[in-house]
Amino acid sequence: MALTASSRAPQGGNGSDSARSPFVRLNELLAPHQPGKPLISLAVGEPQHPVPDFVGPVLAKHIAEFGRYPMNQGTEPFRNAASAWLSSRFNLPRQLDPKSEILVLNGSREGLFLAAIAAARYVGPRPGKPAILMPNPFYPVYGAGALAAACEPIHLPTTVENGFLPDLDAIDEATLARTVAFYLASPANPQGSVAKPDYFKRLKQLADRYGFVILSDECYSEIYTREAPGSALECAGPDFTRVVAFQSLSKRSNLPGLRVGFAAGDKKLIGMFLELRNIAAPQVPVPLQHVATVAYGDEAHVEENRRLYRIKFDLADQIIGNRYSYRRPDGGFCVWLNTSEIGDDVSVTLKLFKEAGVRVVPGSFLARQQPDGFNPGAGYIRLALVQDGETTAQALHRLVETLG
């Protein structure tokens, strides 16, 4: 029997509710209820795999360096390590200059937010209201960055029909002409879709023609079970003009609490970004940058990380099978399930929590309603496979038993 949302359940996508954190909304949705079984959370994309062994010794060795203010640009060893890692990992036109084309960040979220403001300064006046384009569903910081930059957020629906990536040919010229920046996540959150080189090339052609900036969120690039995802930097040209990629150690190295990442790309934009960070962002502690330097020089822990995710996606293949339009994602650690035949995504979320003790996120909370009223996240739920294999298997079995 189809489910219907209770009167207490916020129906995502429109009004002030849709601009709030999806996790705050989820907490409010579930707060009046108790989990039907011991709780298993698959809601937050917080990696639960072990912290790499080198973290403690490196921190201990550099503990005294918490006693000084860091430079906003980042330490030279960190920038060198980030540049070297990018060159070894991706097929770049050339190695990025650590001095002028790499910038340390307090995780990718801080960078993605401030980058919108830097991009608006870089691009300058637009004909009409300046706009920032982003996929829908999307990481909420994109929308926050657009508003902070005094730009109109324009949400591009990502659906199964367009491979869960924005349809570049569906954007009208008037919109492109007033675009300041284009946020793209590859691998995408929540669907795990990956942009191929031809997609990046087409997006770069549009950026060059209309003068906007590509802000490429690649924080999930190291979580994959088959083919390694590429980078927008590979198709950016020899000077990486109008392209900046964002990386983080949260997913790659199971270090969400370290809060270290970097931006890399267009020299002019990185310079303007640094000027903004000098007055508007906290520096990244030097001991944490030492940890990050070691992390970017070590691939063994990353491959072990991928091995653990492969096991869990093998479990999802076996337990979920062909239910709920499940497909193994090309990248990332999220599962995007179409449960619309069972009920709306808010009611399905409530059912799983109240009956199975499994916490997931309604897809409509991760998206915004389009002008025509369509919410591309509606009818879906997102699962983050961040728990250990045994716990993940238990949660997936409960889900299937509850939803049928």
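Residues numbered from 1 in each chain as written. Predicted model: local features only at pLDDT ≥ 70, side-chain atom pairs only at ≥ 80, totals over all residues. Heavy atoms only, no water.

Draft legend 1. Here's a closer look at the sheet that holds strand β12 (residues 380-384). Spatial ordering of the open sheet is given by β9-β12-β11, a layout of three strands whose pairing is antiparallel. Across the chains shown, the open sheet's two edge strands, defined by having one partner strand only, are β9 (334-338) and β11 (361-362). Examined bridge by bridge, β9 and β12 share five bridges and lie antiparallel to one another. What sits directly across from C334, in β12, is A384. In the packing of helix α12 (residues 345-356) onto the sheet, the strands contacted are β11 and β12, and the crossing angle to β12 comes to about 45°. (Pairing = 2+ DSSP bridges. Helix = DSSP H or I, 4+ residues; strand = E, 2+ residues; numbered from the N terminus. Contact = heavy atoms within 4.5 Å. Axes fitted to C-alpha atoms, helices over the stretch in contact; angles between N-to-C directions.)

Draft legend 2. Representation of the packing of helix α4 (residues 107-123) against helix α9 (residues 267-280) within the structure. Viewed as axis vectors pointing N to C, α4 and α9 meet at an angle of 115°, and their least axial separation amounts to 9 Å. Judged on the interaxial angle alone, α9 and α4 are roughly perpendicular. α9 is crossed by α4, and the crossing has right-handed handedness. Where α4 abuts α9, its residues E110, G111, L114, A115, I117, A118, A119, R121 and Y122 lie against K268, L269, M272, F273, L276 and R277. (Parallel < 35°, antiparallel > 145°, perpendicular 65-115°, else oblique. Left-handed = near helix turned anticlockwise from the far one by under 90°.)

Draft legend 3. Quick look at the sheet that holds strand β8 (residues 261-265). Across the sheet, which stays open at both edges, the seven strands sit in the order β2-β8-β7-β6-β5-β3-β4 with mixed pairing between neighbours. A strand with exactly one partner marks an edge of an open sheet, and here the two such strands are β2 (102-105) and β4 (152-157). Averaged over all adjacent pairs, the angle separating strand axes in this sheet is 20°, with direction ignored. The sheet contact formed by strand β3 (residues 131-136) and β4 spans six bridges and is parallel. Along β4, the bridge assignment pairs I132 with P153.

Draft legend 4. Focus on the packing of helix α1 (residues 22-30) against α12. Two elements in contact, α1 and α12, have axes whose closest approach is 11 Å; the angle formed by their N-to-C orientations is 60°. When the axis of α1 is compared with that of α12, the two are oblique. Both α1 and α12 take part in a crossing whose hand is right-handed. In this structure, α1 uses L26, L29 and L30 to contact α12, whose residues at the interface are V346, T349, L350 and F353. Of the residues assigned to the contact of α1 with α12, the class counts are six nonpolar, one polar and no charged. (Nonpolar A, V, L, I, M, F, W, Y, C, P; charged D, E, K, R; others polar.)

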